[in-house]
Amino acid sequence: MEKRRIAILGSTGSIGKQTLDVIREHRDLFEVELLTCNSSFTTLAAQAREFDANNVVICDDTKYKALFDALEGTDTKVFAGMNSVCGLVTSDRIDIVVASMVGFSGLAPTIAALKAGKVVALANKETLVAAGSIVMGLSRKHNAPILPVDSEHSAIFQCLLAAQGNKVSKIHLTASGGPFRTWEKDRIASATKDMALKHPNWNMGAKITIDSATMMNKGFEVIEARWLFDTPVDKIHVVVHPESVIHSMVEFEDGAVIAQMASPDMREPIQFAIGFPERLPIGNKKLDFAALGTLSFFEPDLDKFPALGLAFKAIGRGGNIPCALNAANESAVAAYLRDEIPFYGISDVAGECMERISFIAEPTLEDIFETNKLTRSTADWIIASMRKKS
Ligand code: MG
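The text that follows walks through the structure, step by step, so that each part is easy to find. None of the values given here were measured: they were computed from a predicted structure.

Now for helix α16 (residues 345-356). End to end, α16 covers 16 Å across twelve residues, agreeing with the expected 16 Å (1.5 Å per residue, within 8%). Listing the buried residues of α16 in full gives G345, I346, S347, V349, A350, G351, C353 and M354. Residues of α16 that are buried make contact with α10 (206-214), α11 (216-228), α14 (306-317), α15 (321-337) and α17 (365-389).

Strand order across the open sheet formed by four strands is β9-β8-β10-β11, with mixed pairing between neighbours. Here the strands that pair on one side only, and so sit at the sheet edges, are β9 (236-240) and β11 (257-261). When strand polarity is set aside, the average angle formed by the axes of neighbouring strands in this sheet is 20 degrees. As paired strands, strand β8 (residues 168-175) and β9 are joined by five bridges and run parallel to one another. Of the residues in β9, the one forming a bridge with I171 is I236.

Here the focus is a nonpolar patch on the surface. There is a patch of nonpolar side chains on the surface, built from M261, F289 and L292 and spanning about 260 Å² of accessible area. Within the secondary structure layout, L292 lies in helix α13 (residues 289-292). For L292, a relative accessible area of 31% gives the class partly exposed.

Time to look at the packing of aromatic side chains. Tallied over the entire structure, the rule returns nine aromatic pairs. Consider the rings of F157 and F276, whose centres lie 5.1 Å apart with planes at 45 degrees: the pair is tilted. Taken as a pair, F157 in helix α7 (residues 151-160) and F276 in the loop between α12 (267-275) and α13 lie far apart in primary sequence, 119 residues in all. Under the relative-accessibility criterion, F157 is labelled buried at 17%. Assessed through its relative accessible area of 27%, F276 is described here as partly exposed. Geometrically, the ring pair formed by F343 and Y344 is edge-to-face, given 5.7 Å between the ring centres and 70 degrees between the ring planes. Connected via pairs of aromatic rings, a cluster forms that spans F180, W183, Y336, F343 and Y344. Positioned above the aromatic ring of Y344, the side-chain terminus of K185 is 5.7 Å from the ring centre. Seen from the ring of W183, R187 lies directly overhead, with NZ or CZ sitting 3.6 Å from the centre.

What follows concerns the sheet that holds strand β2 (residues 30-37). The seven strands are arranged β4-β3-β2-β1-β5-β6-β7 in an open sheet whose pairing can be described as parallel. Strands with a single pairing partner mark the edges of an open sheet, and in this sheet they are β4 (77-80) and β7 (146-148). When strand polarity is set aside, the average angle formed by the axes of neighbouring strands in this sheet is 20 degrees. Alignment of strand β3 (residues 55-58) against β4, held across four bridges, turns out to be parallel. Paired with N55 across the two strands is K77, which belongs to β4.

Spanning twelve residues, α14 covers 17 Å between terminal C-alpha atoms, matching the ideal 16 Å at 1.5 Å per step. Within α14, burial applies to A307, L308, L310, A311, A314 and I315. All buried residues of α14 fall inside an arc of 155 degrees around its axis, so they share one side. Here the buried face of α14 lies against α10, α11, β9, α15 and α16. Of the residues flanking the end of α14, it is G318, one or two places downstream, whose phi is positive at about 75 degrees.

Let us look at the layout of surface pockets. For the second largest pocket, the calculated volume is near 210 Å³. Lining the second largest pocket are 15 residues, and of these S133, W227, G319, A361 and P363 lie nearest its centre. Of the residues in the lining of the second largest pocket, the class split is ten nonpolar, four polar and one charged.

This part covers the pattern of salt bridges. Counted under the stated rule, the structure contains 24 salt bridges. The partner of R24 in a salt bridge is E50, and the shortest N-O contact between them spans 2.7 Å. Placement of the pair is R24 in helix α1 (residues 14-25) and E50 in helix α2 (residues 41-51), with a sequence separation of 26 residues. Take R24: its relative accessible area is 36%, and that puts it in the partly exposed class. Relative accessible area serves as the criterion here: at 36%, E50 is assigned to the partly exposed category. Between D69 and K65 there is a salt bridge; the shortest N-O distance is 2.8 Å.

In this section: the coordination of the magnesium ion. Distances from the magnesium ion to its protein donors, namely D150 (OD), E152 (OE) and E221 (OE), fall within the range 2.0 to 2.2 Å. Counting the intervening residues between successive donors of the magnesium ion yields the motif D-x1-E-x68-E. Taken as a pair, D150 in the loop between β7 and α7 and E221 in helix α11 lie far apart in primary sequence, 71 residues in all. For the pair D150 and E221, one class covers both residues: buried.

Quick notes on the rules
Residues numbered from 1 in each chain as written. Predicted model: local features only at pLDDT ≥ 70, side-chain atom pairs only at ≥ 80, totals over all residues. Heavy atoms only, no water. Helix = DSSP H or I, 4+ residues; strand = E, 2+ residues; numbered from the N terminus. Expected span 1.5 Å × (residues − 1). Buried < 20%, exposed > 50% of the residue type's maximum accessible area, 1.4 Å probe, protein only. Contact = heavy atoms within 4.5 Å. Pairing = 2+ DSSP bridges. Axes fitted to C-alpha atoms, helices over the stretch in contact; angles between N-to-C directions. Patch = residues over 30% accessible without salt bridge, like charges linked within 9 Å, V, L, I, M, F, W, Y side chains within 5 Å. Areas by Shrake-Rupley, 256 points an atom, 1.4 Å probe, with all protein chains shown as cover. Salt bridge = Lys/Arg side-chain N within 4 Å of Asp/Glu carboxyl O. Phe/Tyr/Trp six-rings, centres within 6.5 Å; stacked < 30°, edge-to-face > 60°. Lys NZ or Arg CZ within 6 Å of the ring centre and 35° of its normal. Arc of directions from axis to C-beta. 1 Å grid on protein atoms, 1.4 Å probe; cavity = no way out; pocket = protein on both sides within 12 Å on 5 of 7 lines; lining within 4 Å. Points joined across faces, edges and corners; volume = space filled by probe spheres on them. Nonpolar A, V, L, I, M, F, W, Y, C, P; charged D, E, K, R; others polar. Donors = N, O, S within 2.8 Å, 3.2 Å for Na, K, Ca; no water.

Worth remembering: the numbers are spatial, not functional.
Next up, the structure:
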C-alpha cells in the first residue's frame, strides 16, 4: 500500500498509544502528520519526537508553553486548543484521521474531518451515540468513509465482507460482561472504582472500563452498530461471551453465521482500520483453540445491568435522547470516579436525565450541543442532591 499520512486525535490515550504501537511496526507505511491530546504534554512531546510528527496540538492551553519547550530543537509545530484540532485535521497533508478522543469532546473534530473528506478510523463511539444520524449523513455527503476501531464493530465490518450483497438478518454483538458478570446485585451495588476498573480481558482507558462494568458500553455499541451498519435495533442482539474471543457475528437469511475471532488485543482492530484493506502483522498472540477448550455464551442480565436497557430505550425513542444518555453517563462516570456516587448511581442519573430532557425528534448539530450542555448540568444537579442524601 502507498504510504498513508495519519492524524491521531487523542494520541496519549489507550487507543492512541496502541495506534502508535502498530505504526512503530510499520514505519514504512505511515507518516505521522498530527498528534493531539488533552493535557499529557510530556507523553505528547515524546511521541512527537519518536515519530517526527509535523504538528501537535494540546487542548489544554495552559500546557502550551511546557509542550513548546519540550519540543525545542525539533521541526514539530506546536498548537493549542480544540479550534486548532478542528482546523489542522482538515489539512491536505492528512489521509486518515484516527478519532480516539474520549467522550462527546470527539464530536467536533470528527465532524471537521468528515467535512474535509478524510477517512476516519473511529474509536470514539460517543460521537455516533450523540449524533449518529448527522455524522453518518456527513460521511455520505462528503464521501468520507468511517472505518470502525471498536473491536465488535471491526468484527461486524469484517464479517460483512462475506455478505456479497446478501441481506443481514441479525447482528450478534458479543459482550465480555465486564468484571461484575458473576457478582450478586447487592455486591455490585457497593463496588468501588478499583473493582470496576479491573476489566477481565481488555486493557482500556478509565472511562470505557467503567462503561464496560455497567454495560453502558455495550448499550452504546448497539447504538453505534445501528448507525455504522444502517441496521434496525431489533436486528441487533447482545450476547455475553466472557472469553472475548469472538468479537461479534453476522447472521444471514440462510441461518449461516460468520464470526470474527482473535485474541483480545486492540491493535488488531486498529491495524484493520488504518491499513484497510490490507492486514498488517502486529505480533499479537494467536488463538490456540485446543487450549481454549470451550467458548461460552449467556443472555445479558438487564436487572443487574440496567444501563444496557437504558441504551435500548434511548435509541428506541431516538432524536436527541441518546445524546442525553451519553451526556448524563459522562457526568455520572466522572462522579463515580471521584467517589461521589455509588455504582448504580451511574444508571440512576442516566435514567433520570433521559426523562427530564426535552425531546427533539430531528435535532440539528446545535440541538445536539445544547442537549449535551443541558443534560450535563441536569446530571450535576442530580449528583449533588444524591450526595446530600447519602
Ligand atoms: Mg468494544
